[in-house]
Structure formats: structure tokens, C-alpha cells
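Spelled out from the first residue to the last, the chains are:
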Amino acid sequence: TENEQLGFISNYARTNFYEDVAELTERTSSDNFNTDFIGWLRPTSPNLAIKAKVELAQKYGLIPKDFQKYAGLMALKHKVFPGRFSIDNEMARRFLNESDAFLRDNPGSVYEDDIRLSRGYIFHRFAYFYGENAEQRHEEELEEYGHILNLPNKGHDYPYALLRLEEAHKHWGDFGKS
């Protein structure tokens, strides 16, 4: 679009410098993540101005320093679920490996709850739909949701983690924990 060619992520961002910064930073939060960032930050993307703004905002601490890595993980997550009820096992394993590295390299990331929720859902799918090491995958699923519940800041994924934790316990017939 014209906005992208000019280096803006919205019409509103074009109004003045402060709104440009506000729009950029707001849309990099995990609960307002703009999936357009996936395309804008690709190495082959022609949107050099947006990439430069993201790098500058990261440099000055306006957005988390791990944002570009998070955007890369979200791009990979979209490949994990190519259809509504399908999962690409190879991409799922890759996401689990790369997200594990991300969490290890970025402790306390503001994106941790979102990443762990996705990881828990992948373990859920492996356990219940594919029967792959079902008990182990179930435990890994519970562990991911448990991490979210114990984060110091309760983000927008907290209620989803509670819900999925309850569903996981019910699925295994452990109604006392649900």
C-alpha cells in the first residue's frame, strides 16, 4: 500500500511523529501484534523504512529488543497451522525448537505468555490428535500453561492458559484439578 511504501503502518501514523511512534509501538505488543510485520521484516521485504523504524525503536528501547525474533517466530507459527484443523508436524517441531531457544535467550520476555500458549497448544495437538508420546506431551502442555500462570505480569493470555489448563485436566479425567 501507499502507507507501507512511505514507511508508515497506518493512515493515523502519517499524521505526526508522535502518532507514528505510538502506532508502531502499540502494534508490536503481543496482544495487538500486527501480522503485517511478518512480511515487513522479511529479509527480502521492500519495506526498508519500516524495518529501519523497528530497528531504531528497538535500539532506543521503545519496543522490546526481541521483537524481530518474536515476529520471526510468529511467521513460523502461521506455517505450523496451515488450515483450521491441520498442523504441519515438521513446522511444529521447528517452532518448538526455535521458541525454546527464544525463551532461553530472552528470559522475562513480554512475549513469553504468547509463545508458551502456542507451545502448549502444539503439545496438546501432538498428545490428543496424533497420540505421540501422549503422557509426556500432556505433561509438557501442562508445564507451558503453568509457566504462564506463574509469570510476574499477567498478560492477555492468562485467562486462555487457565481455560486450556482446565480442558487438559478434564481430557485426562482429572476433574479434581480442573
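For clarity, every value in this text was computed on a predicted model and none was experimentally measured.

Student: Explanation requested: the pattern of salt bridges in the structure shown.
Tutor: Proximity of charged atoms lets side chains of opposite charge pair with each other. Applying the stated criterion across every chain yields a total of 10 salt bridges. Linking E98 and R94 is a salt bridge whose minimum nitrogen-to-oxygen distance equals 2.8 Å. In this pair, E98 and R94 both sit in helix α6 (residues 89–105), four residues apart, roughly one turn of the helix. For E98, a relative accessible area of 34% corresponds to the partly exposed category.

Student: In this structure, what is going on with the side chain of R119? I would like to understand it.
Tutor: Among the structural elements, R119 can be located in helix α7 (residues 112–128). A polar side-chain atom of R119 sits 2.8 Å from a polar atom in the side chain of S99. The residues touching R119, leaving out its near neighbours within four places in the chain, are F95, L96, S99, D100, L103 and E144.

Student: Explain the environment of E166 to me, please; I cannot follow it from the model alone.
Tutor: Counting through the fold element by element, E166 comes out in helix α9 (residues 158–171). Of the residues examined, E166 reaches a relative accessible area of 28% and is grouped as partly exposed. Each C-alpha atom of the pair E166 and L142 lies 9.6 Å from the other, and the pair is 24 residues apart in sequence.

Cut-offs and rules
- Residues numbered from 1 in each chain as written.
- Predicted model: local features only at pLDDT ≥ 70, side-chain atom pairs only at ≥ 80, totals over all residues.
- Heavy atoms only, no water.
- Salt bridge = Lys/Arg side-chain N within 4 Å of Asp/Glu carboxyl O.
- Helix = DSSP H or I, 4+ residues; strand = E, 2+ residues; numbered from the N terminus.
- Buried < 20%, exposed > 50% of the residue type's maximum accessible area, 1.4 Å probe, protein only.
- Polar contact = N/O pair within 3.5 Å; in protein donor to acceptor, adjacent residues only side chain to side chain.
- Contact = heavy atoms within 4.5 Å.

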